[in-house]
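Inside the fold
Chain by chain, the residues run as shown.
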Amino acid sequence: MNREWRAWTVPLVAGLAGIALSVFVWRVLENAEQRNIESALKADAEGVLLSIEREFATAHETVMALGAFFGASKNVNESEFRRFTTRLLADERHKEIEVFLWGGVDKDGTPQRFANSAGSLGETVFDATERELEAFNKPPDGDSLSFLAPRDGIVFVYGRARSEEQRGAVAARLNVNEIKVTAMTGFLRKSLRLSLTDVSDRNKPVRISGSIPQGGLPLSRILRVAGGNIEVQAVAGPQYEESRRTAGPLVVLLAMLVATVLIVGYVWIAQTRTARIARLVDERTATIREVTHLQQAIVTSANYAIITFDPLGRILTFNPAAESMLGHRAEHVIGGMSPVAFHDPSDLAKHSEEMGVEPGLEAIVGLAGHGDAVGWTYCRADGSTLPVSLSVSALRDETDQITGYLAIVHDISTRLAAEEELRHAKSQAEEASRIKSRFLANMSHELRTPLTAILGYSEMLAEDAAAAEEAESERDLRRIHDAGRHLLRLIEDVLDLSKVEAGRVVLEPQDVDVPRLIEEVATTVRPLAESHGNKLLVKSQPATIVSDPTRLLQVLLNLVANAARFTQNGEIELQAECNDSEAVFVVRDSGIGMSAEDLERVFEPFVQADGTSTREVGGTGLGLAIARQFTELMGGTLTATSTPGSGSEFCVRIPVEPG
Amino acid sequence: MIRILLVEDNDMNRDMLGRRLRRLGYDVDEATDGIEALDAASRGPDLVLMDLSLPKLDGWEVTRRLKSDDATRGIPIIALTAHVMAGDRERAMEAGCDDFETKPVQFARLRGKIEALVG
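Residues numbered from 1 in each chain as written. Chains lettered and ligands numbered in written order. Predicted model: local features only at pLDDT ≥ 70, side-chain atom pairs only at ≥ 80, totals over all residues.

Of the regular secondary structure elements, chain B holds five helices and five strands. For chain B, the succession of helices and strands along the chain, N to C, is β-α-β-α-β-α-β-α-β-α. Looking at the 119 residues of chain B, the share that counts as buried comes to 38%. A separation threshold of at least 6 residues defines the contact pool for chain B, and within that pool the share at least 24 residues apart is 53%. (Helix = DSSP H or I, 4+ residues; strand = E, 2+ residues; numbered from the N terminus. Buried ≥ 20, exposed ≤ 12 C-beta atoms within 10 Å, placed from the backbone. Contact = placed C-beta atoms within 7 Å.)

Turning next to the packing of helix H12 (residues 471–501) of chain A against helix H17 (residues 623–633) of chain A. All names here are of chain A. Closest axis-to-axis distance for the H12/H17 pair is 10 Å, and the angle between their directions is 35°. The crossing of H12 and H17 is left-handed. Judged by residue contacts, Asp493, Asp496, Leu497 and Val500 of H12 engage Ala625, Ile626, Gln629, Phe630 and Leu633 from H17. Residue composition of the contact of H12 with H17, grouped by class: six nonpolar, one polar and two charged. (Axes fitted to C-alpha atoms, helices over the stretch in contact; angles between N-to-C directions. Left-handed = near helix turned anticlockwise from the far one by under 90°. Nonpolar A, V, L, I, M, F, W, Y, C, P; charged D, E, K, R; others polar.)

Following the sequence through the fold, His83 of chain B ends up in the loop between strand E4 (77–81) and helix H4 (88–95). Along the primary structure His83 of chain B and Ser53 of chain B are separated by 30 residues, whereas in three dimensions their C-alpha atoms are 8.7 Å apart. The contacts of His83 of chain B, once residues within four sequence positions are left out, are His445 of chain A together with Leu52 and Asp88 of chain B.

What follows deals with the sheet that holds strand E13 (residues 385–396) of chain A. All names here are of chain A. Reading across the sheet, the five strands line up as E11-E10-E14-E13-E12 and stay open at both edges, with antiparallel pairing between neighbours. Because the sheet does not close on itself, it has two edges, and the strands there are strand E11 (315–318) and strand E12 (372–379). Along the sheet, successive strands turn relative to each other by an average axial angle of 30°, direction set aside. With nine bridges joining them, E13 and strand E14 (residues 402–411) adopt antiparallel strand pairing. Among the inter-strand pairings, Leu395 is bridged to a residue of E14, identified as Gly404. (Pairing = 2+ DSSP bridges.)

Glancing now at the pairing of strand E10 (residues 305–309) of chain A. Residues and elements named next belong to chain A. When you tally the buried positions in E10, you get four out of five residues, the bulk of the element. Pairing analysis gives five bridges linking E10 to E14, with the strands arranged antiparallel. When the sheet's bridge partners are listed, Ile307 is paired in E14 with Ala407. Linking two consecutive strands that pair antiparallel, namely E10 and E11, is a turn of five residues; a positive phi of about 90° is found at Gly313 within it.

Okay, the nonpolar core next. Residues and elements named next belong to chain A. In terms of nonpolar packing, the biggest core is built from 37 residues, with Val48, Phe100, Leu101, Val170, Ala172, Leu192 and Ala234 touching the most fellow members. Put simply, the parts of the chain that give this core at least two residues each are helix H1 (2–72), strand E1 (97–105), strand E5 (167–174), helix H4 (176–183), strand E6 (192–198) and strand E9 (228–236). Once residues lying within four places of it in the same chain are set aside, the contact partners of Ala234 are Ala45, Val48, Leu49, Leu192, Leu194 and Leu219. (Core = buried A, V, L, I, M, F, W, Y, C linked by C-beta atoms within 7 Å.)

What follows deals with the sheet that holds strand E1 (residues 3–7) of chain B. Residues and elements named next belong to chain B. One open sheet accounts for five strands, arranged E2-E1-E3-E4-E5; its pairing is parallel. With partners counted over all chains shown, the strands left at the sheet margins are strand E2 (27–31) and strand E5 (99–102), one partner each. On average, adjacent strands in this sheet sit at an angle of 20° to one another, irrespective of strand direction. Of the strand pairs in this sheet, E1 and E2 are connected by five bridges, and their pairing is parallel. Residue pairing for E2: Leu5 is matched across the bridge by Asp29.

Residue and element names in this part refer to chain B. Viewed as axis vectors pointing N to C, helix H2 (residues 34–41) and helix H3 (residues 59–68) meet at an angle of 25°, and their least axial separation amounts to 9 Å. Taken together, the axes of H2 and H3 are roughly parallel relative to one another. Seen along the crossing, H2 lies across H3 with a hand that is right-handed. Judged by residue contacts, Gly34, Ala37, Leu38 and Ala41 of H2 engage Glu61, Val62, Arg65 and Leu66 from H3. A breakdown of the residues in the contact of H2 with H3 according to their chemical character gives five nonpolar, one polar and two charged. (Parallel < 35°, antiparallel > 145°, perpendicular 65-115°, else oblique.)

As a further point, take the confidence of the model for chain B. Residues and elements named next belong to chain B. Chain-level pLDDT for chain B is 91 on average; 100% of the residues reach the 70-or-more range. Considering each helix and strand of chain B separately, the mean pLDDT is smallest for H4, with a value of 89, and largest for E1, with 95. This complex was scored by the predictor with a pTM of 0.45 and an ipTM of 0.89. (pLDDT = per-residue confidence, 0-100.)

Shown next, in the form of structure tokens:
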């Protein structure tokens, strides 16, 4: 946050400082220039004033000279005056003189007046004020020069001459503007304003020419002109300052402002960049801290003992899982023990010998890069041992130099015990299975041996009784024989069921001609069916499927024989149909049927729909259980539907080829 | 007359089988164990009905010996056994038996097999 703030305040402060400095420097330069202008003005004004003073002096001398000339004349007539003054007026040096005048009295006492001018002023100059006329008509006594500053800005200079016969005065009217122009030669027009005031009478100053503007730099001097005082003021006009003023300070100001802008820009960019870098550093630092924290947490909370050590075997890390596994405290172990100390010495010696290295650290680091090593034994602080799996990895720096090793140790005693238990359980199960198989084989053998005698003798005796025509004995002996055969079937069925349940039946699939199979079933079962007064109907289409013919025959025989037993004087149908994927065999009877409840239980061993009918209908009670087991073994299904009193239907569906 | 050597360790079954074979018109010699069976076979029966579980020397071994002896190799042997588990028939045929019949005996079928071998 502070950094963000600084990112824009630093450039701002730099900018303000730059502007302030620029303005300050500009002001200093401006002041210096102002002073320069003032001193230049002073010098210029002095020059101008001197020039005006000189003009006045020149005019003074000219008038004096004219006065002297007339003073020396016996008489003055107009033509002479004109001739003389015209020459003066034509002189470039007397441009300031506008007109020459003569006023006097001749020897007859007649007043004389005449004038000569460069222009066309003529007699108008005599339209003067009372004072002027008085001065002219009554020239003062003595040789003197005086001036008058009449209201329209013209300065008169009087000269007085005296002779025996003549008295009179000469005057020259000066062109003040011409004086100003001459004085201002070399200056821009209007850059200096000049004003002339008659201050002979201090209390009544009379403006002769020009006006003084307000402001500016006034400079004045009072000139003594022919007994009068003229104050000349010079004021610099706007043009003067403009003409003297240089672009220097402004250029400096602009240059400094531009420099300020550039500096501020640079500082701003630098600050932004610094802020961005700082932010990046902060983020990275946070990430690194998180990662470090996470790594620390992983090491601390891992269920595996994590031990790291340097190439010399000095332990660097010993996590809590390692503490509880080995009974050592981390602070005692780190820096003070070698991982060799955790190994059962004889076990380490054995492994070292296998690896062809000296017993010690070399054997442990030799495991690096070989994954989980099982079969190692660790030794706790109390001397007890435990089997472990040991995974060692080399830790490398950027230059691929090994800086240490990481050992991850897992107590596998529980796992080994579980594995041992599992092995034991498996061998027990296998042993049990072997015992069961042997038992079944022995059972079968031992039951068949006495049955052989029973069946053999009873059949033999029945034959004897028949030969002797002892019908009663023959019937009884046949019953013994039948009971024996039933017992034999039971034994065979129990064996079949046991073999299926033990997973010992191996199917032998081969091509099976369906119609021939159906015929074989019919031939076998027909005597049984007909003995109950039933009609056996078979129906099949030509087809060949791949199946185990022995087992399939057994399934169908069981179903049809079952139907025959539970049906009296009815019909039994065996029907086969095949499509591309499955063969469907249906056995339908018109027998006693079953309830829904019985249907569910009928495939369980030793269950018949009506518990009491077992003895009446024969069969072992295992036929349907075996049929279903075999059908499912062949990848098919055996289902039944029935209506009590009107018959049952069993349906076998098997794939036309084993899946 | 066809001479049959009946090898059977169970007295009842030997008696029953012997009597029924004789009734069918065969001349029956009897042996109760493997050693007797080898001895009786040396007298040259036309056919041997061989129980496989026998004392002293079992039926498989007796069969192997008879079939490896030039003097007795030609005598057909029918295994007659209560061992009916998977593989039992194969083991009997491997030992050298010419046919295989299970106990309890279906007499009509056994007679057919005898006739097929010596008739």
